[in-house]
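Descriptive structure summary
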Amino acid sequence: MFPPSDSGKIQLLVYLRGMVQFHFVLLSFLGLIGLLRPTEAVAQAVPNPGENVAFLVTFGAQADKSWGDDDFTQTFFFLVPKANRQPVYIRVFDPDCGGQHDEAKFGWNTTTEFSLYGGAGAHSGPAARGTEPKGNFRSGTLLKTKTFGADKIYDGQWYTFGPLNPLEGEFVPEFDGYVFKLIAQGKKGDDGNLYRYFLSTSPTQNVAVEGGNAFTYEYSFRLSPQRKATTHLYPFVNDRVVSIKQSNFDVDGDVALKIFSVAKNGHPAAISGDKAWASSVHPITAKEHGLSLDLQLTSLAKATNDLVFYVTDQYDVALPFFAVPLGGPPRYHYEVDVKIRR
C-alpha cells in the first residue's frame, strides 16, 4: 500500500474533522433532548421532583403551631405563558384531610378551603405576595372555591379546577404570562392536610403546560423523611436585590442549611428550633442577578418534619420560590485569584 499524497492527507483530515463535528452536534442534540424531556414532564408538578419535597402542608386553624405551620394558609401562583391559548387545569392531589397521607392529631376534624383567583390584582395586589394572610391577600376575581373535610372519595385522588381560559388569569409582565392564584386555608380543626398540585392541559391526567411554572412567596411543606436527604428551594433573585434575608420556622434543629449559587459554594445559614423563627442575612452579588439561588436543606434525622420558609430582599419584599428554578439549578463558578509577586 502506497502512502497517501499531500492532497490525499488534506482530504482525509477534512473528512475526519467533518465526522467529529457531526458526531459532536449529534451528541449535543441528543443530550439536549435528554435534558428537555424530563424537565417538560415534571415542570408543572408542585412540589417539583427536583426539589425533593414530600408534600405541601396546611394545618387546621386550631392546630398547635409547634407542629410546623405558622399561619394555616398557603398561597401558590400558577404561570401560563402568554402564547398559550389552550384551556388549562389546576389539579390537587389528596385535597381532603383524613387518610394515608395526612397527619392526624386527635381524630379527623379538619376542613381545608381551596380558593382559585384570577383577574386584575390576583398577583399584583401587594398583600397577595406577602408572607402572611393579612389585608387583601385574596385580591383578584374569585373563580371557584371548594372545601374538603375527611372525604374518602378524594383520599389519594385528584380534584381538578378548570377548564381555565389563560386570559382569566392576571397578566404579569415580569414573568411574561398569565397568573392564577390558589389559596389553601385550614378553616377549622387541628390536623395536617398534606397535598400536591399539578398545572395540566388535561382534566384527568397530568400533562404539562409547555413553558408553565408555579411559585410561592412563603413555602409550607414536609421534608422527605430520610436521613441525609437533601431538599432544594429555589428563590429567584431579580436585579434589584442587594442582600437577602432567609427566614424559617419550626425546623426543630434537625436540618443543616446551606446556600448555593453561581457565587456561593455552600454558605451556612441559620436554622430555627421548635415553634420558633430564625433568620440570617446574606449579601448578593451582581452575577447572581436574574438567577435562582439553591437553598439546600439536609435532614439530620428520619423523623417527619413540617416547616415554613420565606426569603426577602433588603426592602423586606418577599422573593418567589419557583418550582422549576429560573435559569436552571445554579452551579457555582469557581474563580482563581492569581497574584504575581515581584
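What comes next is a walk through the structure. (Residues numbered from 1 in each chain as written. Predicted model: local features only at pLDDT ≥ 70, side-chain atom pairs only at ≥ 80, totals over all residues. Heavy atoms only, no water.)

A word on the overall build of the protein
For clarity, the threshold we go by: The secondary structure listing takes helices from DSSP runs of H or I that are at least 4 residues long and strands from runs of E that are at least 2 residues long, numbered from the N terminus. Note on exposure labels: buried denotes an accessible area under 20% of the residue type's maximum, exposed denotes more than 50%, and partly exposed covers the range between, all computed with a 1.4 Å probe on protein chains only. Note on definitions: a residue-residue contact is assigned when non-hydrogen atoms from the two residues lie within 4.5 Å. The accessible surface values rely on the Shrake-Rupley method and a 1.4 Å probe; as for residues, cover is taken only from the protein chains in view.
On a plain count of helices and strands, the protein comes out with 1 helix and 22 strands. Relative to its 342 residues, the protein shows a buried fraction of 49%. When contacts within the protein are restricted to residue pairs at least 6 apart in sequence, those whose partners lie at least 24 apart make up 80%. Put simply, the protein shows about 17000 Å² of open surface, and 56% of that area lies on carbon and sulfur atoms.

Details of the sheet that holds strand 16 (residues 255–260)
Selection rule: Being paired, for any two strands, means DSSP has found at least two bridges between them. To get an axis, a line is fitted to the C-alpha atoms, and for a helix only the part in contact is used. The angle between two axes follows their N-to-C directions and goes from 0 to 180 degrees.
One open sheet accounts for 4 strands, arranged 13-20-16-17; its pairing is antiparallel. The open sheet is flanked by strand 13 (230–233) and strand 17 (265–268), the only strands paired with a single partner. Here the average twist between neighbouring strands, direction ignored, is 30 degrees. By the bridge criterion, 3 bridges tie strand 16 to strand 17 in an arrangement that is antiparallel. Across the sheet, the residue bridging to Lys-258 is Pro-268, located in strand 17.

Things to note about the pairing of strand 10 (residues 192–200)
For strand 10, the buried fraction is high: 8 of the 9 residues fall into the buried class. Pairing of strand 1 (residues 45–46) with strand 10, which is carried by 2 bridges, proceeds in the antiparallel orientation. Along strand 10, the bridge assignment pairs Ala-45 with Phe-198. For strand 2 (residues 53–59) and strand 10, the ladder comprises 4 bridges, and the chain directions are antiparallel. Paired with Leu-56 across the bridge in strand 10 is Tyr-195. For strand 4 (residues 88–93) and strand 10, the ladder comprises 5 bridges, and the chain directions are antiparallel. The residue bridging Ile-90 from the neighbouring strand is Leu-199, located in strand 10.

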